[in-house]
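Reading the structure
Below are the chains, spelled out letter by letter.
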Amino acid sequence: MKGNVIKYDRDNIDTDVIIPGQYLKVHDYAELATHAMEGLDPDFHSKVKEGDFILSGKNFGSGSSREHAPIALSHSGIKAVLALSFARIFYRNSVDGAFLLPIEIGQDAYDGISDGDELDIDISTNEIQNITKNQTYKMKPFSEIIGKIIAAGGLFKYKPDQD
Amino acid sequence: MGKTLFEKIWDSHIVVEKQNSPSLIYIDRHLVHEVTSPQAFDGLRMNNRKVRRPDLTIATMDHNVPTTDRSLPILDQTSSVQIQTLEKNCKDFGIKLFGINSPNQGIVHVIGPQLGITLPGSTIVCGDSHTSTHGAFGALALGIGTSDVEHVLASQTMWLEKPKPFEIRVEGKRKNPHAVTAKDIVLSIIKNIGTGGGTGTIIEYRGEGISDLSMEQRMTICNMSIEAGARAGLIAPDEKTFDYLRDREYTPKNYESLVDSWKENLKSDSDATFEKQFTLHIDDIAPQVSWGTNPGMTCDVTESIPTPDEFSKGDVNQKKGAEKALDYMDLESGTAIEDIKIDRVFIGSCTNARLEDLIEASKVIKGQKISPHVKAMVVPGSQMVKKQAEEMGLDKIFINANFEWREAGCSMCLGMNPDILSPGERCASTSNRNFEGRQGTGGRTHLVSPVMAAAAAINGHFVDVRKMDLS
């Protein structure tokens, strides 16, 4: 999975800046996407490309349980969010609907990757290759169940093993 | 080995449990509101599914509703559609709805306990992060997203990896419990453990500082567990809990026998182990005021805004966050909190809009007028709170002081309805989140208790309410 990084060099990116409250009435996902990250970066919609990744610090997606947050990012083209840590409801929502991959990274990847870098992420080997800088980092592997839900394409497509 | 209260509730709700895998947990109560449910009901329709237990599902509308005259049509078309959609969904799927004109309408986390729907030892979910509020009654109460709302509607269960128990002890006695409130306790906790301090845990609040609190104050504490990153927060039930829930509209008929079993079972064993532990001593804590853009960026009302270096204690990203927060808030390090002037005051939200909150705030403003440059509003947490407050004459106290007295809803806590800050406006707010743009694009939020908000309204800036006579 290849794409370029949009880096937000801060912790605690909350769901209110990912999709501000006034847009929670919007049911059209394409329209919702035009307001993604509006609370933090009004240029986001004009610069984001299909397949891009977001990189940020600790506690990404803190705050509200609004599933609109991963939906707005996903429909903007974001395939994965790489962060030092995630707020749990955001993480769960991202996986439940298979909207995007919430990838936990280490400080080396956080420090090493710059805004605009091209990455190749391989979740089968848990490796993130920085093509721009010719560096490789390890990502935290998905737990078995999360991996299965992601592979199935979301909570409603996942069938628990009958063992 | 002993079990924690959380583990006891967890174990009694397991439907499926396997090694190294999430468990399927039975859900006793599902609270539904208009914003996070429409897609879930659409999903049910698409797959020809029914709501498995409509009798355990309760709906109201709170996030979006106007807080002005409800005999008038709703001007915002998209809000109106969302409200009508919930009405239709509840009708189609046989779910009890407290609609916009119901005397029981209100913020979902205020009406659940008020109606006796929230019960000790139960599992409760709602498509709202502040579902943690219900933990004040010894319930395991989790905020969920829309996919999980659909899953619970369809199956009355959800998959969950078992969180870790986190003990937070609140020890000591506040010298002035009218001035130093539950809000100040929970803001102090978050200030200390950080907005990610509770990630992946269920907090159990314990100690004298918790048992001394009323049920409404305990709800304020549990409400903000999510702001510390916790999955939920809870408090073991006691006589105050049982008294609060007795004789409510939906209190179960066999209530007294339930109380007997709750008394026996709903407490952590003395030899239970917690994965994490934190203790807050409250003898000398001060009223708290947030200065930044997350609830951890908070200090005493008597302090000055810290420098990013002082705040971050060496953490580079925390420092950057503090710099950005000060820029957004248009504040400078070294400014005394009491010198911060405010434009707006919001007394409301699932954190602090219950009857006791309004009573306490009314004591501060009785016989006074708000500062001429301040606009202030009270949005009761439910229509029932509003009615009770009006029976006590609190509405007149607020209105005479030039507060607006509104209908119940989430209102300016999250800026979904017309109750928003204008860009650059600074607000003393009793809500739970001071995120950028939370109360309106460019709006600046300072989180405080109801008495601190009321005192700020009168003075036009923050003041230490410990100097006032609030008894």
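One structure accompanies this document, and this report is about it. This structure is a prediction, so every number in the text was calculated from the model and none was measured. Throughout this document, residue positions are counted from 1 along each chain, in the order its sequence is written. Chain A is the first chain written and ligand 1 is the first ligand written, with later ones labelled in order. Only residues with pLDDT of at least 70 get local features here, since the model is predicted, and only at 80 or more are side-chain atom pairs given and counted; chain-wide, interface and lining totals rely on the full set of residues. Here the side-chain values reflect all heavy atoms present in the structure, with hydrogen atoms and water set aside.

1. Here's the deal with the overall build of chain A
On a plain count of helices and strands, chain A comes out with seven helices and seven strands. A run of H or I in DSSP counts as a helix once it spans at least four residues, and a run of E counts as a strand once it spans at least two, with each numbered from the N terminus. Across chain A, helices and strands are ordered from the amino to the carboxyl terminus as β-α-α-α-β-α-β-α-β-α-β-β-β-α. Projected onto its principal axes, the C-alpha coordinates of chain A cover approximately 45 × 40 × 25 Å. Exposure is judged per residue with a 1.4 Å probe applied to protein chains only, and the accessible area is read against the type maximum: over 50% gives exposed, under 20% gives buried, and values in between give partly exposed. Buried residues in chain A amount to 60% of all 163 residues. Summarising the internal contacts of chain A: among those between residues at least 6 apart in sequence, 62% fall at separations of at least 24. Computed by Shrake-Rupley with a 1.4 Å probe, the accessible areas treat only the displayed protein chains as cover when residues are assessed. By element, 49% of the accessible surface of chain A is carried by carbon and sulfur atoms, the whole surface being about 6200 Å². Taking the 17 positively charged and 25 negatively charged side chains of chain A as two groups, their mean positions are separated by 3 Å. Contact between two residues is taken to exist if any of their heavy atoms lie within 4.5 Å; hydrogens are not considered. In this tally, Asp and Glu contribute negative charge and Lys and Arg positive charge; neither His nor the terminal groups of the chain are included. Charged groups are reduced to one reference atom each: NZ for lysine, CZ for arginine, CG for aspartic acid, CD for glutamic acid.

2. Considering the sheet that holds strand 16 (residues 375-378) of chain B
Residue and element names in this part refer to chain B. Here we have five strands laid out as an open sheet, ordered 17-16-15-18-19, and parallel in their pairing. Where the open sheet ends on each side, the last strands, each with one partner, are strand 17 (403-405) and strand 19 (444-447). Each adjacent strand pair in this sheet contributes to an overall mean axis angle of 20°, direction not counted. In short, DSSP must find at least two bridges between two strands for them to pair. Bridge count between strand 15 (residues 344-347) and strand 16: four bridges; the pairing is parallel. Bridge pairing in strand 16 places Phe-346 opposite Met-377. To obtain an axis, a line is fitted to C-alpha atoms, over the contacting stretch when the element is a helix, and the angle between two such axes runs from 0 to 180 degrees between their N-to-C directions.

3. Concerning the sheet that holds strand 7 (residues 135-138) of chain A
All names here are of chain A. Read across the sheet, seven strands follow the order 4-3-2-1-5-6-7 without closing on themselves; strand pairing throughout is mixed. Edge positions in the open sheet fall to strand 4 (101-104) and strand 7, since each of these has one partner strand only. When strand polarity is set aside, the average angle formed by the axes of neighbouring strands in this sheet is 30°. When strand 3 (residues 80-83) meets strand 4, the two strands line up parallel, connected through four bridges. Its bridge partner lying in strand 4, Ala-83 is registered against Glu-104.

4. Here's the deal with the interface of chain A and chain B
Counting residues at the interface gives 41 residues for chain A, matched by 47 residues for chain B. A buried area of about 3600 Å², summed over both sides, lies between chain A and chain B, and 48% of it is on carbon and sulfur atoms. Ranking the residues of chain A by area buried against chain B places Lys-25, Arg-92 and Phe-156 of chain A at the top, with a combined share of 19%. When a carboxyl oxygen of Asp or Glu lies within 4 Å of a side-chain nitrogen of Lys or Arg, that pair is called a salt bridge. Where chain A touches chain B, the interface holds six salt bridges. We note a salt bridge from Asp-9 of chain A to Lys-320 of chain B, for which the minimum N-O separation is 2.6 Å. Going through the elements one at a time, helix 1 (15-18), helix 5 (88-96) and helix 7 (144-152) of chain A are the ones with two or more residues in the side of chain A that touches chain B. Considering each element in turn, the side of chain A that touches chain B owes the most residues, five residues, to helix 5 of chain A. Three classes are used: nonpolar for Ala, Val, Leu, Ile, Met, Phe, Trp, Tyr, Cys and Pro, charged for Asp, Glu, Lys and Arg, and polar for all others, with Gly counted as polar. The residue inventory of the side of chain A that touches chain B, partitioned by class, reads 12 nonpolar, 15 polar and 14 charged. What gets called buried area is simply the loss in accessible area from a 1.4 Å probe that two parts show on being joined, summed for both.

5. Here we look at the packing of helix 6 (residues 182-193) of chain B against helix 8 (residues 215-223) of chain B
All names here are of chain B. Put simply, helix 6 and helix 8 touch, their axes get as near as 8 Å, and they point 25° apart. The pairing of helix 6 with helix 8 is recorded here as roughly parallel in orientation. Crossing hand, helix 6 versus helix 8: right-handed. Of the residues in helix 8, those touching helix 6 at Ala-182, Lys-183, Ile-185 and Val-186 are Gln-217, Thr-220 and Ile-221. Under this scheme an angle from 65 to 115 degrees is roughly perpendicular, one under 35 degrees roughly parallel, and one over 145 degrees roughly antiparallel; angles in between are oblique. In this scheme the crossing of two helices becomes right-handed for a clockwise turn of the near helix relative to the far one and left-handed for an anticlockwise turn of less than a right angle.

6. Quick look at the side chain of Asn-59 of chain A
Mapped onto the fold, Asn-59 of chain A is located in the loop between strand 2 (53-56) and helix 4 (68-76). Once residues lying within four places of it in the same chain are set aside, the contact partners of Asn-59 of chain A are Asn-12, Ile-13, Ser-85, Phe-86 and Ala-87 of chain A together with Thr-195, Gly-196 and Thr-199 of chain B.

7. With respect to the packing of aromatic side chains
Stacked, tilted and edge-to-face are the three classes applied to pairs of Phe, Tyr and Trp rings, where Trp contributes its six-membered ring and a pair requires centres within 6.5 Å; stacked means planes under 30 degrees apart, edge-to-face means over 60, and tilted covers the rest. Taken as a whole and judged by the stated rule, the model has 13 aromatic pairs over all chains. Ring geometry for Trp-291 of chain B against Phe-311 of chain B: centres 5.2 Å apart, planes inclined by 90°, an arrangement best described as edge-to-face. With Trp-291 of chain B in the loop between strand 13 (288-290) and strand 14 (298-300) and Phe-311 of chain B in helix 11 (residues 308-312), this residue pair connects regions lying 20 residues apart in the sequence. With a relative accessible area of 1%, Trp-291 of chain B lands in the buried category. As a reminder, the over-ring test applies to NZ of lysine and CZ of arginine, requiring each to be within 6 Å of the ring centre and within 35 degrees of the ring normal. Here the guanidinium or amino end of Lys-7 of chain A rests over the ring plane of Tyr-110 of chain A, the centre of that ring lying 4.7 Å away. Geometry around Phe-166 of chain B places Lys-276 of chain B over its ring, the cationic atom sitting 5.0 Å from the centre.

8. A word on the layout of surface pockets
Throughout, the protein atoms alone are placed on a 1 Å grid, and a set of points is a cavity if a 1.4 Å probe fits but cannot get out or a pocket if it is open with protein on both sides within 12 Å along at least five of seven lines; lining residues have an atom within 4 Å of a point. Grid points are joined across faces, edges and corners, and a volume is the space filled by probe spheres set on the points. Reported here for the largest pocket is a volume of approximately 1100 Å³. Lining the largest pocket are 42 residues, with Arg-88 of chain A together with Leu-160, Glu-161, Lys-162 and Pro-163 of chain B positioned closest to its centre. At the level of elements, helix 5, strand 4 and helix 7 of chain A together with helix 1 (5-11), strand 8 (157-160) and strand 9 (164-171) of chain B are the ones that each hand at least two residues to the lining of the largest pocket. Considering only residue class, the lining of the largest pocket consists of 19 nonpolar, nine polar and 14 charged.

9. Thoughts on the state of the cysteines
In protein chemistry, a disulfide is the covalent bond that joins the sulfur atoms of two cysteines. Residues and elements named next belong to chain B. What counts as a disulfide here is a pair of cysteine sulfur atoms lying within 2.5 Å. Evaluation of the coordinates by the stated rule reveals zero disulfides over all chains. Take Cys-299: it sits in no disulfide, and the sulfur closest to it among the cysteines is that of Cys-427, at 17 Å. By relative accessible area, Cys-299 is classed as buried at 3%.

10. Quick word on the pairing of strand 16 of chain B
Residues and elements named next belong to chain B. Call a crossover right-handed when, viewed with both strands pointing away from you, the route from the first strand across the helix to the second goes clockwise. Crossover connection from strand 15 via helix 13 (residues 355-365) to parallel strand 16: handedness right-handed. The pairing of strand 16 with strand 17 spans three bridges and is parallel. Each residue of the ladder has a partner; that of Ala-376, found in strand 17, is Phe-403.

11. Brief notes about the side chain of Asp-28 of chain B
Residues and elements named next belong to chain B. Among the structural elements, Asp-28 can be located in the loop between strand 2 (23-26) and strand 3 (29-32). Among buried Asp, Glu, Lys and Arg side chains, Asp-28 stands out as unpaired, with Arg-29 the closest opposite charge at 5.9 Å. Side chain to side chain, Asp-28 and His-13 meet in a polar contact 2.6 Å long. Look past the residues within four positions of Asp-28 in its chain and what remains in contact with it is His-13, Leu-56, Gly-121, Ser-122, Thr-123 and Gln-156. Whenever two N or O atoms come within 3.5 Å, that pair is a polar contact, provided that in protein one can donate a hydrogen and the other can accept it, and provided that, for residues adjacent in sequence, both atoms are side-chain atoms.

12. Notes on helix 8 of chain B
Among the nine residues of helix 8 of chain B, eight are classified as buried, and the element is accordingly described as predominantly covered. Turning to helix 8 of chain B, its buried residues are Met-215, Glu-216, Arg-218, Met-219, Thr-220, Ile-221, Cys-222 and Asn-223 of chain B.

13. Some points on the nonpolar core
In plain words, nonpolar cores are sets of buried Ala, Val, Leu, Ile, Met, Phe, Trp, Tyr and Cys residues tied together by side-chain atoms within 4.5 Å. In terms of nonpolar packing, the biggest core is built from 113 residues, with Leu-73 and Leu-82 of chain A together with Phe-403 of chain B touching the most fellow members. For this core, the leading source of residues is helix 16 (residues 450-459) of chain B, giving eight residues. Leaving out residues up to four positions away in the same chain, Phe-403 of chain B has contacts with Val-345, Ile-347, Ile-365, Ile-370, Ala-376, Met-377, Val-378, Phe-398 and Ala-457 of chain B. Ile-83, Leu-86, Leu-140 and Leu-142 of chain B belong to the second largest nonpolar core, which has 70 residues in total.

14. Here's the deal with empty space enclosed by the protein
Residue and element names in this part refer to chain B. For the structure shown, the criterion picks out three cavities of 30 Å³ or more. Here the largest cavity defines a volume of roughly 190 Å³. If you trace the largest cavity, you find 24 residues lining it, with His-63, Asp-128, His-130, Leu-414 and Arg-438 closest to the centre. A per-class count over the lining of the largest cavity returns eight nonpolar, 11 polar and five charged.

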